[in-house]
Amino acid sequence: MEKSNGLQVILFPLPIQGCINPMLQLAKILHSRGFSITVIHTRFNAPKASSHPLFTFLEIPDGLSETETRTDDKTFLFTLLNRRCETPFRDCLAKLLVSSDSETEEKKQRISCLIHDSGWTFTPSVTKSLKLPRLVLSTYTVSFFLHHFALPKLRREVSQDSEQDDLVQDFPPLREKDLVRLLEEKREYLEPYLHMMLEATKSSSGIIFMSCEELNQDSLPKAREDLKVPIFAIGPSYSNFPASSGSLFTQDETCIPWLDKQEDKSVIYVSFGSLVTMTGAELIEIAYGLRNSGQPFLLAVRVGLVKGTEWIEVIPEELKAKLDEKGKIVKWAPQQEVLKHRAIGGFLTHNGWNSVVESVCEGVPMICLPFIWDQFLNARLVSDVWRVGLHLEHRIERNEIESSIRSLFFGNEGEAIRERMKLLKEKVGRSVKENGSAYRSLERLVDQISSF
Ligand SMILES: Cc1cn([C@H]2C[C@H](O)[C@@H](COP(=O)(O)OP(=O)(O)O[C@H]3O[C@H](CO)[C@@H](O)[C@H](O)[C@H]3O)O2)c(=O)[nH]c1=O
Ligand SMILES: C[C@@H](CO)CCNc1ncnc2nc[nH]c12
């Protein structure tokens, strides 16, 4: 740990698991560079302050009701949060600035800037009136962030004559069938929300991605050109700065001793992040697919994953008994530790960006089953661009799942995928080491924050 550099950074994550983890990871990275860290967060999905004794946490009210927090339309949720949090956030930040000014000289830690999730769109007017520099963190991959601003236009101009498998011209490597599914979610709030997000990004002092040149060759130059603000692709550095301490759920630690008993690279790990929901019938197909594959498996079923039920009640008793012979089902896994484990041979994933990056960092080949939003694009990167995974093409059927597991573990394609994943892992690993592209980007970010 470096000693304090006398500067303080204020962080403001969006309250969903997929956004809290990368923000806390950024906090750890900046703290290791001597910055002191204050996290302003909503009451809803508040991170566990006790897991981070080195940071200061300040809670603001968000006014969300129980029902509102459960809404399926995430854009609506974020729109509500932005409306309700503006005033409490402004008050909180203003107070912080005043109290930091009045500290005694030796305790003084000048507040150098605010770094907020790209999903907070009200921030420009707040920091402008308080004269505080502002950086944005995007938890998406660069190409999704860049191209998703065109979604309202793409929705208006859905092409009639294109084939399902065609690439979407303005949104590669997304395919037409992905775009159709992505747009299926009801999104009446999407257009104004995206507009505000883009404005908040363009008026910022820079945007940070937990990604690197090696994973975004084509989109980074275009992002620099379009957004016209400095771009810092500083990660992923999951191995040095684990994100798991940001977990909102209790991790089932019995996963690791269970994995210890399995053979090298024999287990398929299955998880779907924190937002996706599925039907009971879909979970049953997945369970049969896992069982019929004959491979040992570790399945994370989050409470609430299956719509209308609590946990895994939909799985018939008789199947449950068969599952227990070779598999383990938990509510929340210590995912990074699991992916690191020598027993893991593959990851059946919904392709949230954090999961994809964690899998690449640990060199675990994937089976892609995206459900919503940026997951469709992430899955194409994995299967079509880097070619380090198979794609289920949205077929949640036991036979498809069984055969994809078999070809990943035993087929020729699986062999080639493992080979490519090994190379990709090494490439990304080099990027965060001294003089790698992500390392240099982080140096530039630290310089910029210090110079505000
Ligand atoms: C299910 C499960 C998850 N996790 C951790 C792993 C990851 O760091 C994190 C989940 O992040 P993601 O894999 O990005 O998934 P998710 O929470 O759905 O993320 C949301 O936010 C992401 C970033 O904006 C998006 O890319 C996703 O599409 C979106 O759904 O939670 C665990 O540690 N244990 C678990 O059992
Ligand atoms: C505003 C963003 C950027 O950090 C939140 C991430 N996640 C998401 N944003 C919008 N719709 C979603 N549907 C699923 N996940 C979603």
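Residues numbered from 1 in each chain as written. Chains lettered and ligands numbered in written order. Predicted model: local features only at pLDDT ≥ 70, side-chain atom pairs only at ≥ 80, totals over all residues. Heavy atoms only, no water.

1. Some points on the sheet that holds strand E7 (residues 231-233)
Next, step 1: Read across the sheet, 7 strands follow the order E3-E2-E1-E4-E5-E6-E7 without closing on themselves; strand pairing throughout is parallel. In this open sheet, the two strands that pair with only one neighbour each are strand E3 (56-60) and E7. On average, adjacent strands in this sheet sit at an angle of 25 degrees to one another, irrespective of strand direction.
Next, step 2: Taken together, the 4 bridges between strand E4 (residues 110-117) and strand E5 (residues 134-138) define a ladder with parallel strand orientation. By the bridge assignment for E5, Asp117 is matched with Leu137.
Next, step 3: The strands that helix H1 (residues 17-32) touches are strand E1 (7-12), strand E2 (36-42), E3, E4, E5 and strand E6 (207-209); relative to E4, the one it contacts most, it runs at about 155 degrees. (Pairing = 2+ DSSP bridges. Helix = DSSP H or I, 4+ residues; strand = E, 2+ residues; numbered from the N terminus. Axes fitted to C-alpha atoms, helices over the stretch in contact; angles between N-to-C directions. Contact = heavy atoms within 4.5 Å.)

2. Focus on the site of ligand 2
Next, step 1: Taken together, 16 residues form the shell around ligand 2, and within it Asp117, Thr139, Tyr140, Ile372 and Trp373 come nearest.
Next, step 2: At a separation of 2.9 Å, a nitrogen atom of ligand 2 approaches a polar side-chain atom of Tyr140.
Next, step 3: Between ligand 2 and the protein, one listed contact pairs a nitrogen atom with a side-chain N or O atom of Trp373 at 3.3 Å.
Next, step 4: Coverage of ligand 2 by the protein amounts to 96% of the 390 Å² it exposes when considered alone.
Next, step 5: Counting residues per element, the ones that place at least two in the shell around ligand 2 are helix H3 (74-101) and helix H8 (190-202).
Next, step 6: Partitioning the shell around ligand 2 into residue classes produces 10 nonpolar, 3 polar and 3 charged. (Near = heavy atom within 4 Å. Polar contact = N/O pair within 3.5 Å; in protein donor to acceptor, adjacent residues only side chain to side chain. Areas by Shrake-Rupley, 256 points an atom, 1.4 Å probe, with all protein chains shown as cover. Nonpolar A, V, L, I, M, F, W, Y, C, P; charged D, E, K, R; others polar.)

3. Thoughts on the pattern of salt bridges
Next, step 1: Applying the stated criterion to the full structure yields 25 salt bridges.
Next, step 2: Here Arg380 ties to Asp384 by a salt bridge, and the two come within 3.7 Å at their closest N and O atoms. Note that Arg380 and Asp384 are positioned in helix H15 (residues 374-385) at a spacing of 4 residues, about one turn of the helix.
Next, step 3: Classification of Asp384 as partly exposed rests on a relative accessible area of 27%.
Next, step 4: Across the salt bridge formed by Arg380 and Glu393, the nearest N and O atoms sit 2.9 Å from each other. Highlighted residues: Arg380 in helix H15 and Glu393 in the loop between strand E13 (389-391) and helix H16 (398-410), separated in sequence by 13 residues.
Next, step 5: The network of salt bridges with shared partners includes Asp165, Arg175, Lys177, Asp178, Arg380, Asp384 and Glu393. (Salt bridge = Lys/Arg side-chain N within 4 Å of Asp/Glu carboxyl O. Buried < 20%, exposed > 50% of the residue type's maximum accessible area, 1.4 Å probe, protein only.)

4. So, H8
Next, step 1: Relative to the 18 Å expected for 13 residues at 1.5 Å per residue, H8 spans 18 Å between its end C-alpha atoms, a close match to the ideal helical length.
Next, step 2: All buried positions along H8 are accounted for by Leu190, Tyr193, Leu194, Met197, Leu198, Ala200 and Thr201. Within H8, the buried residues cover an arc of 165 degrees as seen down the axis, which keeps them to one side. (Expected span 1.5 Å × (residues − 1). Arc of directions from axis to C-beta.)

5. Considering the packing of aromatic side chains
Next, step 1: For the coordinates displayed, the defined rule picks out 17 aromatic pairs.
Next, step 2: With a centroid separation of 4.9 Å and 40 degrees between ring planes, the pair formed by Phe76 and Tyr189 is classed as tilted. Of this pair, Phe76 sits in helix H3 while Tyr189 sits in the loop between helix H7 (176-184) and H8; the two residues are 113 residues apart in sequence, bridging distant segments of the chain.
Next, step 3: Overall, Tyr189 belongs to the partly exposed group, its relative accessible area being 24%.
Next, step 4: Centroid distance Phe145 to Phe209: 5.7 Å. Interplanar angle 75 degrees. Geometry classified as edge-to-face. Residue Phe145 is located in helix H5 (residues 142-147), and its partner Phe209 is located in strand E6; the two are separated by 64 residues in the primary sequence. (Phe/Tyr/Trp six-rings, centres within 6.5 Å; stacked < 30°, edge-to-face > 60°.)

6. Examining the site of ligand 1
Next, step 1: Around ligand 1 sit 22 residues, and of these Ser274, Ala333, Ser355, Glu358 and Asp374 come closest.
Next, step 2: A distance of 2.7 Å is found between an oxygen atom of ligand 1 and a side-chain nitrogen or oxygen belonging to Thr139.
Next, step 3: A distance of 3.0 Å separates an oxygen atom of ligand 1 from a polar atom in the side chain of His350.
Next, step 4: Burial of ligand 1 by the protein amounts to 97% of the accessible area it has alone, namely 710 Å².
Next, step 5: Those elements that place two or more of their residues in the shell around ligand 1 are H1, strand E8 (267-271), helix H14 (353-362) and H15.
Next, step 6: Of the residues that constitute the shell around ligand 1, the class distribution is 7 nonpolar, 13 polar and 2 charged.
Next, step 7: No fewer than three residues from each of domain 1 (7-240 + 432-451) and domain 2 (249-429) sit in the shell around ligand 1. (Domains from an automatic or database assignment.)

7. Here we look at the packing of helix H11 (residues 280-293) against H16
Next, step 1: Direction vectors running N to C along H11 and H16 enclose 40 degrees, while the axes themselves pass 7 Å from each other. By the criterion of interaxial angle, the relationship of H11 to H16 is oblique. You can see that H11 and H16 cross each other, and the crossing is right-handed. Contacts between H11 and H16 involve Glu285, Ile286, Tyr288, Gly289, Leu290, Asn292 and Ser293 from the former and Arg398, Ile401, Glu402, Ile405 and Arg406 from the latter.
Next, step 2: Classifying every residue of the contact of H11 with H16 by side-chain character gives 5 nonpolar, 3 polar and 4 charged. (Parallel < 35°, antiparallel > 145°, perpendicular 65-115°, else oblique. Left-handed = near helix turned anticlockwise from the far one by under 90°.)

8. Section: the pairing of strand E9 (residues 297-300)
Next, step 1: Residues Phe297 and Leu299 point to one face of E9 and Leu298 and Ala300 to the other, with burial holding for every one of them.
Next, step 2: Note that E8 and E9 share 3 bridges and pair parallel. Looking at E9, one finds that Tyr269 is bridged to Leu298.
Next, step 3: As a crossover connection, the stretch from E8 through H11 into E9 is right-handed.
Next, step 4: The pairing of E9 with strand E10 (residues 327-330) spans 4 bridges and is classified as parallel. Residue pairing in the sheet places Ala300 in a bridge with Val330 of E10.
Next, step 5: At this point the chain moves from E9, through helix H12 (residues 317-326), to the parallel E10, and the crossover so formed is right-handed. (Right-handed = clockwise from strand over helix to strand, strands pointing away.)

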